[in-house]
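Next come the chains, spelled out residue by residue.
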Amino acid sequence: MGGINVNVETAGEKAYRRLRNDIIFGRLAPSQKLRLEALKDAYGISVSTLRELLNRLTSEGLVIAENARGFEVAPVSADNFKELANLRLLLECHALQRSFALGDIDWEGRVVAAHHKLATMEKRTLAGDKRGLEPLKRYDSEFHQALLSACGSRVLLDAHAAVFDKYVRYLMIAVIFREAASPEHQKLLECALRRDPKAAQAILATHIMDCVAYTLTNTPANLLGLHRPSGKLQSTELAATPI
């Protein structure tokens, strides 16, 4: 019986990861109704397991429970995007400072390796290959997580990862790639290797604020349900908060 339970849990976790990734990477659209009968066949799980997974995703803010009407994918908005960006900046600046102070040679190796993969995908994208946007965002996440990985707090890393995934969801829905991101990542790598958290925090603030402004300006309003701002976001709209 124990073996059967392990297999069921493994199937459930696999379906959870697929569902979560399909929401983050835009394969399940914002506000899309999640029909249980269709989803159970698509993900190969029972309705009862599917309900459990959707309730789990509801607690993460990726799904909305509609009581008797069922579930739907969480909607998107400009305000939510900017709120996520602010929270990401707050958490990441704090974790950067701790990680730069505590990181050892193994941490440096993780950062360099993660940046190499990211930079390779960025070069391909800059050369016109748009097919790799999903792996590019995965390597983007791995690089930022590597920068923070020596901060010494699992709770902080988990909180940042959850916010980062919701932030990336907007970029995937908008199919956004900002060319200036690549040199910014290079500068973050250089700051890490010379242990300069203040410079890294300043670069990160520009990295995030400019990305939000670029996304809101260049994405059709009907795609994200967003209203375009008149110009570049001001610091009062998206505040850098180094700690």
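Note that residues are indexed from 1 along each chain, following the sequence as it is written. Owing to the predicted nature of the model, reporting of local features is limited to residues with pLDDT of at least 70; listing and counting of side-chain atom pairs is limited to 80 or more, with chain, interface and lining totals taken over all residues. Side-chain measures here rest on the full set of heavy atoms in the structure, leaving out hydrogens and waters.

Colleague: Honestly, the overall build of the chain in this entry has me stumped. Any pointers?
Modeller: The helix and strand tally for the chain stands at ten helices and three strands. Seen in sequence order, the chain has helices and strands lined up from the N terminus as α-β-α-α-β-β-α-α-α-α-α-α-α. Each residue's exposure class comes from its accessible area (1.4 Å probe, protein chains only) as a fraction of the maximum for that residue type: buried when under 20%, exposed when over 50%, partly exposed otherwise. A burial count over the chain gives 46% of its 243 residues as buried. Surface exposure of the chain reaches about 12100 Å², of which carbon and sulfur atoms provide 54%. Comment: elements are numbered from the N terminus, with helices defined as DSSP H or I runs of at least four residues and strands as E runs of at least two. For the accessible areas, the method is Shrake-Rupley and the probe is 1.4 Å, while residue cover comes only from the protein chains on display.

Colleague: Sorry, what's going on with the environment of Val 175 here?
Modeller: Tracing the sequence through the fold places Val 175 in the loop between α7 (154–174) and α8 (181–193). Taking C-alpha positions, Val 175 is 7.7 Å from Leu 133, a pair spaced 42 residues apart along the chain.

Colleague: Mind showing me how you'd approach unusual backbone geometry here?
Modeller: One non-glycine residue, Ser 31, lies in the positive phi region at around 70 degrees. Tracing the backbone through its elements, the reader meets Ser 31 in the loop between α1 (2–24) and β1 (33–34). With a relative accessible area of 35%, Ser 31 lands in the partly exposed category. Of note in this structure, Val 175 is not a glycine but carries a positive phi near 55 degrees. Exposure remark for Val 175: the relative accessible area of 58% places this residue in the exposed category.

Colleague: What am I meant to see in the pattern of salt bridges here?
Modeller: Opposite charge on two side chains makes pairing possible when the charged atoms of those side chains draw close. Salt bridges are defined by distance alone: a side-chain nitrogen of Lys or Arg within 4 Å of a carboxyl oxygen of Asp or Glu. In this structure the tally under the stated criterion is 16 salt bridges. Of the charged contacts in the structure, one is a salt bridge between Arg 27 and Asp 22, with a shortest N-O distance of 2.6 Å. Using a relative accessible area of 44% as the deciding quantity, one classes Arg 27 as partly exposed. We classify Asp 22 as buried; its relative accessible area is 12%. Close ionic contact of Arg 88 with Glu 92 constitutes a salt bridge, the shortest N to O distance being 2.8 Å. Remark: Glu 92 and Arg 88 occur in helix α4 (residues 78–102); sequence separation between them is four residues, near one turn of the helix. The exposure class of Glu 92 is buried, given its relative accessible area of 1%. Several salt bridges share partner residues, and in doing so they unite Asp 22, Arg 27, Glu 134 and Arg 138 into one network.

Colleague: What exactly am I supposed to notice about the nonpolar core here?
Modeller: One recurring pattern in soluble globular proteins: nonpolar side chains tend to sit buried together. The criterion is simple. A nonpolar core is a set of buried Ala, Val, Leu, Ile, Met, Phe, Trp, Tyr and Cys residues joined through side-chain atoms within 4.5 Å. With 50 residues, the main nonpolar core has Phe 81, Leu 96, Phe 100, Val 111, Phe 143, Leu 147 and Tyr 167 as its most contacted residues. Mapped by element, the contributors of at least two residues to this core are α4, α5 (105–126), α6 (133–148), α7, α8 and α9 (197–218). Among residues more than four places away in sequence, those in contact with Leu 147 are Leu 96, Ser 99, Phe 100, Trp 107, Val 111, Leu 188 and Ala 192. Grouped together as the second largest cluster of nonpolar side chains are 18 residues, Leu 28, Leu 57, Phe 71 and Val 73 included. Note on definitions: a residue-residue contact is assigned when non-hydrogen atoms from the two residues lie within 4.5 Å.

Colleague: Just to check I follow, could you spell out the packing of α4 against α7 for this structure?
Modeller: Two measures define how a pair of helices packs: the angle their axes make with one another and the distance between the axes. Under this scheme, a helix contributes an axis fitted over its contacting stretch, all axes are lines through C-alpha atoms, and angles between N-to-C directions fall in the 0 to 180 degree range. In the contact formed by α4 and α7, the axes pass within 9 Å of each other and the chain directions differ by 140 degrees. In terms of their interaxial angle, α4 and α7 are classed as oblique. Considering only the axes of α4 and α7, their crossing is left-handed. Listed contacts from α7 to Asn 80, Phe 81, Leu 84, Ala 85, Leu 87, Arg 88, Leu 91, Glu 92, His 94, Ala 95 and Arg 98 of α4 are Leu 156, Ala 159, His 160, Val 163, Phe 164, Lys 166, Tyr 167, Tyr 170 and Leu 171. Basically, the charged four are Asp, Glu, Lys and Arg, the nonpolar ten are Ala, Val, Leu, Ile, Met, Phe, Trp, Tyr, Cys and Pro, and anything else, Gly included, counts as polar. Looking at the contact of α4 with α7 residue by residue, the class counts come to 13 nonpolar, three polar and four charged. Small angles under 35 degrees read as roughly parallel and large ones over 145 as roughly antiparallel, with 65 to 115 read as roughly perpendicular and the rest as oblique. What makes a crossing left-handed is the near helix being turned counterclockwise from the far one by less than a right angle; a clockwise turn instead makes it right-handed.

Colleague: Even after reading the chapter, I still don't get the layout of surface pockets, so can you show me in this structure?
Modeller: Summary: where empty space remains is shown by rolling a probe the size of a single water molecule over the atoms. Quantified by volume, the largest pocket comes out at close to 280 Å³. Around the largest pocket, the lining comprises 15 residues; the ones closest to its centre are Asn 21, Phe 25, Arg 138, Ser 141 and Asp 165. Contributing elements (two or more residues each) for the lining of the largest pocket: α1, α6 and α7. Across the lining of the largest pocket, the residue classes tally to six nonpolar, three polar and six charged. By volume, the second largest pocket is sized at about 150 Å³. Both site types are read off a 1 Å grid over the protein atoms alone. A 1.4 Å probe that fits but cannot get out defines a cavity, while an open set with protein on both sides within 12 Å along at least five of seven lines defines a pocket; lining residues have an atom within 4 Å of a point. Lining the second largest pocket, in full, are Gly 61, Leu 62, Ile 64, Ala 74, Pro 75, Val 76, Ser 77, Asn 80, Leu 84, Lys 166, Arg 169 and Tyr 170. Residue assignment for the lining of the second largest pocket shows that the elements contributing at least two residues are α4 and α7. For the lining of the second largest pocket, the class distribution of residues is seven nonpolar, three polar and two charged. Grid points are joined across faces, edges and corners, and a volume is the space filled by probe spheres set on the points.

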